[in-house]
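Coordinate analysis (summary)
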Amino acid sequence: MYSMPLPAQTKSNGSKKDATGVADYRSKSFLIRTDLSPDEAKDLLKRLETMISLVEKYFERKLASPIGMIVVNDLQAWPSEMVKQFEPSTLEVIEKRSGLTILDSKKFGAIGQLFGTKAVIYATPTWGSPQHESIHAYCFLTFGRVGPRWYSEGMAEIGQYWADKKLGVDLHISILKYLQAGPPRELIDIVDSDTSSPPSREDHRWWWCLCHMMTNNPNYAAQFKSFGQGLMNGKETSFASVFGPVAKELSFEYQFFLSHIDQGYRVDLCAWDWKAKAPPCKGGSPFSSKIDANRGWQPARISVEAGQSYDYSISGTWKTSSDGKAVDANGANEGAGCLVGVTFDDYKLSEPFRLGTYGTFTPAQSGALMLRCEDKWNELADNSGKMQVRIKITGKGNPLPTPEITTSPN
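Heads up: these notes are all about the structure in this document. Along every chain, residues carry numbers that run from 1 in the direction the sequence is written. Local features are withheld for residues below a pLDDT of 70 in this predicted model, meaning they are given only at 70 or higher, and side-chain atom pairs are given and counted only at 80 or more; totals for whole chains, interfaces and linings count all residues. Just so you know, side-chain values use all the structure's heavy atoms and leave hydrogens and water out.

1. Here we look at the pattern of salt bridges
Going by this rule: Put simply, a salt bridge is a Lys or Arg side-chain nitrogen that is within 4 Å of an Asp or Glu carboxyl oxygen. The secondary structure listing takes helices from DSSP runs of H or I that are at least 4 residues long and strands from runs of E that are at least 2 residues long, numbered from the N terminus. Accessibility here uses a 1.4 Å probe with only protein chains present; expressed as a share of the type maximum, an area under 20% marks a residue as buried, one over 50% as exposed, and anything in between as partly exposed.
Taken as a whole and judged by the stated rule, the model has ten salt bridges. With its nearest N and O atoms 3.0 Å apart, the salt bridge here joins R47 to D43. Here the residue R47 and the residue D43 both occupy positions in helix α1 (residues 38–59), the gap between them amounting to four residues, near one helical turn. A residue is classified by how much of its surface remains accessible, and D43, at 38% relative accessible area, is partly exposed. With its nearest N and O atoms 3.1 Å apart, the salt bridge here joins K96 to E92. The class of K96 is exposed, set by a relative accessible area of 54%.

In structure tokens form, the structure reads like this:
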């Protein structure tokens, strides 16, 4: 290991570079030695500081002490006397373009002297390795523990993607394709994963899936946050004991997430409204509901019967992009913006069917009626507008009013 101390005079985001191209950089929360260019190193520090501020906010605890980090871009740029002091395990990590966090640097005297911290990271600037390992270091320095492996690695995987006000999926394309190809790993297999063998890249991907969904879905986010804080504070708890009462709902939303995962997909916008009531549509009085353009399936707040005919009248306009043209429930010529429906029963969805501004429909399956604006699942965030929906049984009560046409479809 090497023992050259970081210069005391180095200022925040400053550096001191030696003749070999290896330099020391410092920010509020990180002390870094790297062969990255000054601009690259400072950009990395900026991203790390943004991420750590979000992590501190999430766990409601400040980082206890700065994190030491050695970031190797090109091992050939490092002087041989430094490389000779690297442990074989750290060299292996560097050669694999991965990362490693040493959670007790006192065991490595030179490291402890260099950074003056109990957690030191070895990383390469690929696959978000510095950010991933920083989550492990934060948890250890702040709480003295990192939690069960699925949680520790899942949250660390999230860490490499965390950015301020960025809620959509933003994965490396190879990881995204792997998850889209399936088959999905069951929830029980994720939280009860084998800890006797080293985790694989595939394990990390599934751990990310669960933690991303739980931290972004408003149905579970607060409870998952409390669960994680309990783990970090040494509370005896388990995923099954906390989320067992909502196991069916959670499993449905997890599977739904994996069925539609794509870059930009927003878990929060597609969360299920489990509290909505869905009484049977009876009599001649119409049922009313409002449907937002930028959400996934939303309750019409009625249940319908297979084979029964229903009248509908839909008023309002919405857009399927920020600069798009407003359309009514008929949508554009290619179908974008059309009002579509499904029925939901026993945690299963029927095939979608299209509605429009005015007419009748006869569901093929019974269940709670769910509606949404037809658009790609990963492009809902820039939609705007809403529809007023009125539905009643055909032939009962007064006819529904014909909606006023305020715009024409494309």
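2. Re the pairing of strand β2 (residues 23–26)
The condition is simple: Here, strands pair whenever DSSP counts at least two bridges between them.
With four bridges connecting them, β2 and strand β3 (residues 30–34) associate as antiparallel partners. By the bridge assignment for β3, D24 is matched with R33. If you look at the hairpin formed by β2 and β3, you'll find three residues sitting between the two strands.

3. Topic: the packing of α1 against helix α5 (residues 129–143)
Heads up, the rule is: Interaxial angle, 0 to 180 degrees, is taken between N-to-C directions of lines fitted to C-alpha atoms, where a helix line uses only the stretch in contact. When describing relative orientation, an angle under 35 degrees is termed roughly parallel and one over 145 degrees roughly antiparallel, while 65 to 115 degrees is termed roughly perpendicular and anything else oblique. Working rule for handedness: look at the near helix, and if it is turned counterclockwise from the far one by less than a right angle, call the crossing left-handed; if clockwise, right-handed. Here, two residues are considered to be in contact whenever any of their heavy atoms come within 4.5 Å of each other. Ten residues, namely Ala, Val, Leu, Ile, Met, Phe, Trp, Tyr, Cys and Pro, are considered nonpolar, four, namely Asp, Glu, Lys and Arg, are considered charged, and the remaining ones, Gly among them, are considered polar.
Where α1 meets α5, the axes come as close as 10 Å, and the angle between the chain directions of the two elements is 45 degrees. What the angle tells us is that α1 and α5 run oblique. Classified by chirality, the crossing of α5 by α1 is right-handed. Contacts from L44, R47, L48, M51, I52, V55, E56 and F59 in α1 reach P130, Q131, S134, I135, Y138 and F143 in α5. Taken together, the residues that form the contact of α1 with α5 break down as ten nonpolar, two polar and two charged.

4. Section: the layout of surface pockets
Short version of the rule: Put plainly, a pocket is an open set of points on a 1 Å grid over the protein atoms alone with protein on both sides within 12 Å along at least five of seven lines, a cavity is a set where a 1.4 Å probe fits but cannot get out, and a lining residue has an atom within 4 Å of a point. Grid points are joined across faces, edges and corners, and a volume is the space filled by probe spheres set on the points.
Looking at the largest pocket, its volume works out to about 720 Å³. The wall of the largest pocket is formed by 26 residues, among which S98, G99, H132, E133 and H204 lie closest to the centre. Secondary structure elements with two or more residues in the lining of the largest pocket: α3 (88–95), β5 (99–102), α5, α6 (149–159) and α9 (201–216). Here the element with the most residues in the lining of the largest pocket is α5; it accounts for four residues. Taken together, the residues that form the lining of the largest pocket break down as seven nonpolar, eleven polar and eight charged. Quantified by volume, the second largest pocket comes out at close to 500 Å³.

5. Notes on the packing of aromatic side chains
To keep it simple, the criterion reads: Only Phe, Tyr and Trp rings are paired, with Trp represented by its six-membered ring, and only when their centres lie within 6.5 Å; those with planes under 30 degrees apart are stacked, over 60 edge-to-face, the remainder tilted. Geometrically, a charge over a ring is one whose NZ (Lys) or CZ (Arg) sits within 6 Å of the ring centre while staying within 35 degrees of the ring normal.
Per the stated rule, a full pass over the model turns up 35 aromatic pairs. Between W274 and Y347, the aromatic rings sit 5.8 Å apart at their centres with planes inclined by 45 degrees, giving tilted as the arrangement. Taken together, the residues span a long stretch of sequence, with W274 in the loop between α12 (247–260) and β7 (287–292) and Y347 in the loop between β11 (339–345) and β12 (348–349) at a distance of 73 residues. On the basis of relative accessibility, which here comes to 27%, the residue W274 falls in the partly exposed class. Judged by its relative accessible area of 28%, Y347 falls in the partly exposed class. An aromatic cluster of at least three residues, connected via ring pairs, comprises F252, F256, W272, W274, W297, F344, Y347 and W377. For R205, the ring lying beneath its charged end belongs to Y178, and the centroid distance is 5.0 Å. Stacked on the ring of W297, the Lys or Arg R372 has its end atom at 5.4 Å from the ring centre.

6. Observations regarding the nonpolar core
It is characteristic of soluble globular proteins that their nonpolar side chains tend to be buried jointly. Here is the rule we go by: As used here, the term nonpolar core means buried Ala, Val, Leu, Ile, Met, Phe, Trp, Tyr and Cys residues forming a set that is joined through side-chain atoms within 4.5 Å.
In terms of nonpolar packing, the biggest core is built from 75 residues, with W150, Y151, F224, F239 and F257 touching the most fellow members. Among the elements that line this core, the one with the most residues is α1, at nine residues. Among residues more than four places away in sequence, those in contact with F257 are V169, W208, C209, H212, M213, Y265 and V267. The next biggest cluster of nonpolar side chains, apart from the first, holds 23 residues, and it includes A293, A300, I302 and L369.

7. So, empty space enclosed by the protein
Counted under the stated rule, the structure contains two cavities of 30 Å³ or more. Space inside the largest cavity adds up to approximately 60 Å³. The wall of the largest cavity is formed by M213, N217, F252, E253, F256, F257, Y265, V267, C270, A271 and W272. Take the lining of the largest cavity: its biggest share by element is four residues, from α12. Taken together, the residues of the lining of the largest cavity sort by class into nine nonpolar, one polar and one charged. Each pocket or cavity is described by its volume, and for the second largest cavity that value is around 30 Å³. F59, I135, H136, C139, V146, Y151, S152 and M155 are the residues that line the second largest cavity. Going through the elements one at a time, α5 and α6 are the ones with two or more residues in the lining of the second largest cavity.

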